[in-house]
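# Geometric and topological summary
Here is how the chains run, residue by residue.
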Amino acid sequence: MKIQVLCLFLLLGFTSTSSENTVYKVTTILDKPFVTLKDGDPSEFEGLIPDLLKRIEPILNATFNIKHVGDFKYGSQDKYGNWTGMIGELIKGKADIAAASLTVTAERATVIDLSHPFMESGISIVLKRPVARGWQAITGYVSFLQPFTAGVWIALLFSCVIIPILYGLIMHFDPMEDEAETSILKNIARAVPVVFYRFCLQGSLAPSKSTSRSSRVILAFWSLFLIILYATWASAFAVFIMEGKRQLPESPFHSFSELSKQSSVKFGTVKGGSTYRYFTKALDKVDSKIGEHFKNNPDQMVGSTAEGIKRVRNSNGDYAFIMEEIGARQLAGMSPCDLMLIHHSFIRKSFSFGCAKNNSICRDLDIAIIRLKTDGVIQELTDKWLNKDNVCDTDFYDDYLQYIRSFDNKKEESGYLFKGSALGMDKVGSAYILLAIGIILSVCLLVFDICMERRVQKAVSRRGGTDKQPFEAITDDMQ
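An account of the accompanying structure is given in this report. (Residues numbered from 1 in each chain as written. Predicted model: local features only at pLDDT ≥ 70, side-chain atom pairs only at ≥ 80, totals over all residues. Heavy atoms only, no water.)

Centre distance and the angle of the planes are the two values used to describe a pair of aromatic rings. Under the definition given, this model contains 14 aromatic pairs. Ring plane angle 65° and centroid distance 5.7 Å describe the contact between Phe 196 and Tyr 197, whose orientation is recorded as edge-to-face. The class for Tyr 197 is partly exposed, based on a relative accessible area of 28%. An aromatic cluster of three or more residues is present, and its members are Phe 256, Phe 267, Tyr 276, Tyr 278, Phe 279 and Phe 294. Above the face of the Tyr 319 ring, Arg 311 is positioned so that its terminal group lies 4.3 Å from the ring centre. (Phe/Tyr/Trp six-rings, centres within 6.5 Å; stacked < 30°, edge-to-face > 60°. Buried < 20%, exposed > 50% of the residue type's maximum accessible area, 1.4 Å probe, protein only. Lys NZ or Arg CZ within 6 Å of the ring centre and 35° of its normal.)

Structure follows, in structure tokens:
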């Protein structure tokens, strides 16, 4: 009986010990969208990291008490070799876990334990989006001009001037024209409304009363030319509207390589941060050159991401800020949409939780993070918080530019009609050739009628005159 009671006490003790909820002190830092204040309360946090910790709590049977790091830093060594920020609090025992977008580095791994990475990110360049000036500022108000190039519109304007003049001259000189005025200018003035209303596809408002064949031919070809041109314009304009033509901002550089070679735009990053340390210790030629720039220009470094973004916004395009891709996308996606992402590097940086050295908590976090990754929970949280406030374009400019070029190349290879942003004479030149054929044919008919009229006059003179009309007389001669 005593043995049974003893076993019962041991079982109850084991059960109470195993069900005990472990409390961990967690240090973090404000970094939207990873960690933000909830309703402005300095003791309440929300974001990707707090949500992730809530999902980990039931797995580890633990409770996480989150507090903000005292010195508002991630953690780096000062000139005396002491660690600051969240890393320093872990080393000093003020916290058990550092939960933030903490970048994995070799230096940090030597003084603290790092969990399995819960997310990866690249490095990108943030620049102020240039404001459209001059013609670019009003392109939206004259979008109807976009389907054709300037050369096509100039040729159309020239056609609108030359056709009424030719039509008036034909009416004046064609001997078969019965409705001609005595003055050339009057005939041209009569031709203007006839040609113009056909340009507006309203020929019934100014019907042609011409009786000559040459004037009717040129008017017919003019109408056919306009129908073809309008059909082409309407098709191209529909494609333009449906694709939503996007104005590509002009940038002084498109990559880290071009950034390192130019001198017109200043650039920097958070001094002492993981991005700063990566570039200053990089072996790659381009990255090491950027690192040398960081060392030689301390005045272009900033103390925080918020300070760097503020400097970008106030620089009018004269300052670029290098930061992690995830945070850059988040900031560029927020109003007032004045930031653009130029390039992202192929270097991937891992984000992990930090733990105090020789503490088993990191091993438990590894299992929880891997399980949440497998179940798709981390991807769910990423989609929720990273795209939550995005109201602006967050695409990388160089990626979009590369896509546009490849898309145009594919359309070029396929011979697609609307391969470019505007149609030039190489696409619509056939309509102008058709109009030119109409003009030549009309002029030939005019010359023929004039020659025939002179021939008739000579025949009439040889016969000593007749009461018949000239063409009736020559018809009798031919019979």
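This part is about helix H10 (residues 285-296). With 12 residues, H10 extends 17 Å between its outermost C-alpha atoms, agreeing within 8% with the 16 Å of an ideal straight helix rising 1.5 Å per residue. Those residues of H10 lying buried are Asp 287, Ile 290, Gly 291, His 293 and Phe 294. For H10, the angular spread of the buried residues around the axis is 155°, confining them to a single face. Residues Lys 285 and Asn 296 are exposed on H10 and point more than 90 degrees away from its buried face. Its buried side turned inward, H10 meets helix H8 (256-261), strand S9 (266-268), helix H9 (274-281) and strand S10 (319-324). (Helix = DSSP H or I, 4+ residues; strand = E, 2+ residues; numbered from the N terminus. Expected span 1.5 Å × (residues − 1). Arc of directions from axis to C-beta. Contact = heavy atoms within 4.5 Å.)

There is about 1200 Å³ of room inside the largest pocket. Lining the largest pocket are 49 residues, with Tyr 74, Val 270, Gly 303, Ser 304 and Thr 305 sitting closest to its centre. Broken down by secondary-structure element, the contributors of at least two residues to the lining of the largest pocket are strand S5 (97-103), helix H4 (106-111), H9, helix H11 (305-313), S10 and helix H12 (325-332). Ranked by the residues each element gives to the lining of the largest pocket, the list is headed by H9, at 6 residues. Of the residues that constitute the lining of the largest pocket, the class distribution is 18 nonpolar, 19 polar and 12 charged. (1 Å grid on protein atoms, 1.4 Å probe; cavity = no way out; pocket = protein on both sides within 12 Å on 5 of 7 lines; lining within 4 Å. Points joined across faces, edges and corners; volume = space filled by probe spheres on them. Nonpolar A, V, L, I, M, F, W, Y, C, P; charged D, E, K, R; others polar.)

Keep in mind that these numbers describe shape and distance, not what the molecule does.
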